[in-house]
Amino acid sequence: MIKSILLSVLAFASISTAQADINVGAPDCISQAEMKTIASHFNQFANLANKEFCNDDSTTWHLLSSLMFMRQTQFKPSMPVSKDELFTGKFAKNWYEYFIGRINDLEVVNDCPKGVIAYVYMFGNTMYTCPAALTTNFSSLDRASVMMHEARHIDGFPHITCTKGARKGIQGACDTKIADGGSYAVTVETYAQLAKYAEGIHPAMKAYAKSSAVVYADEAFENPVKINRSENLLVLTNTLDFHALNAKGEIKKLGKTSALGHIVKRGQHLIIFPTDKALKAQYVFANNEGEISQSPSDFITEYNAQTPAQKANLVDLHIGAQWSARVFKNKITFTCDPKSPTMKDIALPAGVTAAALVYPDGYARDKYSAQLVSENGELFELGCVNKQASLKAIATRLDQKYTRIHKAAGQVFGLVDGKLFKLEGTRSTPVVTALDGTIAEIVPQEIFEFFEQ
Ligand SMILES: [Zn+2]
């Protein structure tokens, strides 16, 4: 018996929720002709082959619609490879043919461990899918990527445990190097292909796929993946306009957003918590890509269900690869173990009210600590080092009352009263721009040569 059970550890990365029916004109029914073809490849659907099948939100529908996504998604006729390692085109040809060449049975299992979405055994042609992946919180785009990933395992590509990086210590969460063309390489390639070359897919969904490709490339390999990239400071003004401030200090106007708010990073993904607490937190995109209606995570679904008064209690949120910290006015709730839903609260000292998380050393998914500034300007370090939640005061004093501090393109920026400052240690100098006084939010954002061209 082959021992290796090939789990896809996807919950630690960017895969989560995205809109299911985002395809422009995505049909809510699968024709009888299509059903017949699919049933000829997957015996289990034989009893459904004689009529059309419509969306009933069942697990069967979600499996079928993912197969349909693989059958029907059109790509540009020419798909040049990237100059880096994001896209080689190795798996670009015909996703559905590739999948049915390896998998001919789809089973839904109900007892999946936390973080597992789907798996296969090397000695079979069945893909096991966990219910978490079979709801409208998961897009056909995500599922197609997962299915291609699982099919690749059948070719004899197991995972390893990461010994470093964002997924350090997580069993089956890494491959050695992307050039090996294993299952995580397939994940990166499928997202990169969707982001760059898919036709008829909503622009916001393509932007989501772009970020997903990079998160996997950055986090699911022992040997770093070569990606040609640069970093900007993304600036949101009170006129609802996004701007990019590059390393040379040049400002470029980007798209608009629908509401002001606090932007939190989850790897490459940006999530906005609107200032107007009647609005919901959601993914946000800077180049007029539009919106994805589904929630980025279970916590954000919970948050969105709260009353405006409850929402106002959440001050900030840190999302690391394996830990998170929800910062409330008077306490911090930590999730330090990626394998367990256990949470730990640590209260702020009496009389201290949390104001914001600040990142003078930069936001990084593989770091286990972050800094917090209080309304009186006191600094704290918080984190989950060795899976232990901690909060301690730092002696450093900042020279101003910053609402944000972020590092982008090697520079540390602070935001005070709509104005930008460059920080060196505890000293600051103004960054004078045309946006002076109107800046509502800042967050670092990377751009990638392959997707920009
Ligand atoms: Zn896998």
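Read on for a plain summary of the structure.

Within the protein, His149 (NE2), His153 (NE2) and His159 (NE2) serve as the donor atoms for the zinc ion, at 2.0 to 2.1 Å. Motif for the zinc ion, donor spacing along one chain: H-x3-H-x5-H. Placement of the pair is His149 and His153 together in helix α4 (residues 140-154), with a separation of four residues, close to one helical turn. Across the pair, His153 and His149 agree in class, each one buried.

With that out of the way, let us pick up the sheet that holds strand β11 (residues 251-256). In a beta sheet, neighbouring strands are held together by backbone hydrogen bonds and run either parallel or antiparallel to one another. Pairing in this open sheet of four strands is antiparallel, and the strands run β11-β10-β9-β27 from one edge to the other. What marks the edges here is a single partner per strand, and that holds for β11 and β27 (439-448). Here the average twist between neighbouring strands, direction ignored, is 30°. Note: strand β9 (residues 229-237) against β27, nine bridges, orientation antiparallel. Within β27, the residue paired with Leu236 across the bridge is Glu441.

Moving on to the state of the cysteines. For the coordinates displayed, the defined rule picks out four disulfides. A sulfur-sulfur distance of 2.0 Å marks the disulfide that ties Cys112 to Cys130. Taking the torsion about the sulfur-sulfur bond, which here is approximately -90°, the covalent link between Cys112 and Cys130 counts as left-handed. Separated by 18 residues along the polypeptide, Cys112 in the loop between β5 (105-108) and β6 (116-121) and Cys130 in the loop between β7 (126-129) and α4 bring together distant segments of the chain. Owing to a relative accessible area of 22%, Cys112 belongs among the partly exposed residues under this scheme.

On to the pattern of salt bridges, then. Going through the model one piece at a time under the given rule, you end up with 12 salt bridges. The residue Lys253 makes a salt bridge to Asp241 at a minimum N-O spacing of 3.9 Å. Pair noted here: Lys253 is in strand β11 and Asp241 is in strand β10 (residues 241-245), with a separation of 12 residues, a long-range link. Where Arg404 meets Glu441, a salt bridge forms, and the shortest distance between an N and an O atom there is 2.6 Å. Of this pair, Arg404 sits in strand β23 (residues 404-408) while Glu441 sits in strand β27, and the two are 37 residues apart along the sequence. As far as the burial class goes, Arg404 and Glu441 line up, both buried.

Conventions we followed
Residues numbered from 1 in each chain as written. Predicted model: local features only at pLDDT ≥ 70, side-chain atom pairs only at ≥ 80, totals over all residues. Heavy atoms only, no water. Donors = N, O, S within 2.8 Å, 3.2 Å for Na, K, Ca; no water. Helix = DSSP H or I, 4+ residues; strand = E, 2+ residues; numbered from the N terminus. Buried < 20%, exposed > 50% of the residue type's maximum accessible area, 1.4 Å probe, protein only. Pairing = 2+ DSSP bridges. Axes fitted to C-alpha atoms, helices over the stretch in contact; angles between N-to-C directions. Disulfide = S-S within 2.5 Å. Salt bridge = Lys/Arg side-chain N within 4 Å of Asp/Glu carboxyl O.

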